Structure formats: C-alpha cells, structure tokens
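# Summary of structural features
These are the residues of each chain, in order.
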Amino acid sequence: IQGKIEKVFSKVLMSKVRLIGAGRTDKGVHAEGQYANFKISKPIGDIKKFLGSVNFFLKNNLITIITISKKKIDFNSRYNAKERIYKYIIVNRESKLSLEKNRAWHIKKKLDLILLKKGAKMLEGKHDFSTFRAASCSSKSPIKKINFIKVKKTGTRISIIFSSKSFLQNQVRSMVGCLKYLATNKWSVKEFKRSFKSKRREQCAPPAPAYGLYLSNVKY
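Scoring rules and cut-offs
Residues numbered from 1 in each chain as written. Predicted model: local features only at pLDDT ≥ 70, side-chain atom pairs only at ≥ 80, totals over all residues. Heavy atoms only, no water. Axes fitted to C-alpha atoms, helices over the stretch in contact; angles between N-to-C directions. Helix = DSSP H or I, 4+ residues; strand = E, 2+ residues; numbered from the N terminus. Parallel < 35°, antiparallel > 145°, perpendicular 65-115°, else oblique. Left-handed = near helix turned anticlockwise from the far one by under 90°. Contact = heavy atoms within 4.5 Å. Nonpolar A, V, L, I, M, F, W, Y, C, P; charged D, E, K, R; others polar. 1 Å grid on protein atoms, 1.4 Å probe; cavity = no way out; pocket = protein on both sides within 12 Å on 5 of 7 lines; lining within 4 Å. Points joined across faces, edges and corners; volume = space filled by probe spheres on them. Core = buried A, V, L, I, M, F, W, Y, C linked by side-chain atoms within 4.5 Å. Buried < 20%, exposed > 50% of the residue type's maximum accessible area, 1.4 Å probe, protein only. Salt bridge = Lys/Arg side-chain N within 4 Å of Asp/Glu carboxyl O.

Bringing the packing of helix H1 (residues 2-13) against helix H2 (residues 47-58) into the picture now. Here H1 crosses H2 at 130 degrees, and the two axes come no closer than 10 Å. Classified by the interaxial angle, the pair formed by H1 and H2 is oblique. The two elements H1 and H2 cross, and the hand of that crossing is right-handed. Between H1 and H2, the contacting residues are Lys4, Ile5, Val8, Phe9, Lys11, Val12 and Leu13 on the first element and Phe50, Ser53, Val54, Phe57 and Leu58 on the second. Taken together, the residues of the contact of H1 with H2 sort by class into nine nonpolar, one polar and two charged.

Dropping the structure here:
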C-alpha cells in the first residue's frame, strides 16, 4: 500500500514523496484509521482538488485517503503516536460467511466467551510478549504494555479490541490465535498461561488470519 500511495503522490505533486506510516500491517490486514506523513518543499494549494486527484488514481487499489492536513515539520506519524487501537473480528457460527467473507475469521466451533475474556485479561498490562513475536520483528524489545483488551459479542459476531502504544510484529494475530485455543478448550487456562510465560515463539498457537484484523485508530 505504501508504495502505491507514494507512486500516486509523486505523480500528482511532480516530486518524489516518501511516506512514513503510523505502523506496519501484515498483508491482508485492513486499516480503518491508518495515518502517515510526508514532507514536500512547496505547499499544496487546493487540498480538495489534491484529494480528488490522488483518490482517482488509487481507487482501483481499494485505497482511499480520507483527509490531509498540515503538521509541524518535526511531526512523525510513527513516533508521535500515543495509542494504537486494533480490532479483531470473529464470526462464531456453523454457516459459511457471505457478506463478511475475507472480513472476519469464521470459527465454527463454539467459543467460550468467559474463557476468552479471562485469557484477554491475563494479557493486559506490561509483559514480555516474545511468544507472540514474529521472527522478523524489528522491535528493540519484546516488552510491551497492553492498556486494555475488550471482548464484545453481538449475535454471532465477536469483536476483540486491543489498545497499546505499540505492538510487536504479528503480536495481535498471535494473541488471538492463542485465545481461540483457550476458548475452544484446546488449551486449559494453565496451558494458555504456560505458552504466554514461556517467551518462546514455538509455544504459540497458529496466528489468526490477517483478514480478520483491523487497524481501527491511532491517537496522537
């Protein structure tokens, strides 16, 4: 996505543009509230016209720029972020997905919501999240602080909302994969905790699919 946006911006502005995103998302992850910044030597005269132009060239890529605004020269969309909110969507039912296909994780086996919430509560706070960290993660430390994890259920739809200043690569999807093992009784609470505290990637359950994950918002 970054490369496609940079190409269009450079074309419209007739100057090479480099984007700095608020965060990297795995291929297939959706973004409802992604932010990025770029620097140019001259101001954009007509913001509305500029947005119309870039969105025209981006439309076939399913990418839309919602708003654009001027920031201070030292603003950095990655390092100035104070909170990132991710949402993971699960549809827990027997029937196949139609409208939500590739927009949610379809789990047929009934999930125990009490166990799901119990596991989520254990992940809150400051911990070493090495178990949930991808081998290619570039973060300097595996220690992160999860502000909160909220689990909401409406009908067969389950939303798991994660808040933290930053996440490790693959962390959210890996946590959801482990929570699924717990909520389907493949793991006991003791086994879930053992996996988490092991700090070993090989002890992690298979990560949840990318298409159920959404970057909901970034707060500054």
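Further remarks concern the layout of surface pockets. What the second largest pocket holds in volume is close to 150 Å³. In this structure, the second largest pocket is lined by Val12, Leu13, Met14, Ser15, Ile40, Ser41, Lys42, Pro43, Ile44 and Gly45. When the residues that make up the lining of the second largest pocket are grouped by side-chain class, the tally is six nonpolar, three polar and one charged.

Before going further, it helps to examine the nonpolar core. Grouped together as the largest cluster of nonpolar side chains are 42 residues, with contacts concentrated most on Ile90, Leu123 and Phe162. When residues of this core are traced back to their parent elements, those giving at least two are strand E4 (83-92), strand E5 (105-107), helix H3 (113-123), strand E7 (143-154), strand E8 (157-164), helix H4 (171-183), helix H5 (189-198) and strand E9 (213-219). Element by element, the count of residues in this core is highest for H4, at eight residues. When neighbours within four sequence positions are excluded, Phe162 is seen to be in contact with Arg84, Ile85, Tyr86, Tyr88, Phe148, Ile149, Phe167, Val172, Met175 and Val176. With 14 residues, the next largest nonpolar core counts Leu13, Val17, Ile65 and Ile68 among its residues.

Checked against the element boundaries, Lys197 lands in helix H5. Of the residues examined, Lys197 reaches a relative accessible area of 46% and is grouped as partly exposed. With 166 residues separating them in the primary sequence, Lys197 and Ala31 have C-alpha atoms 30 Å apart.

Using the criterion set out here, one finds six salt bridges in the structure. A salt bridge links Glu124 to Lys121, with the nearest nitrogen and oxygen atoms 3.1 Å apart. For Glu124, a relative accessible area of 18% puts it in the buried group. For the salt bridge of Arg200 with Glu202, the shortest nitrogen-to-oxygen distance reads 2.9 Å. When its relative accessible area of 56% is taken as the criterion, Glu202 is described as exposed.

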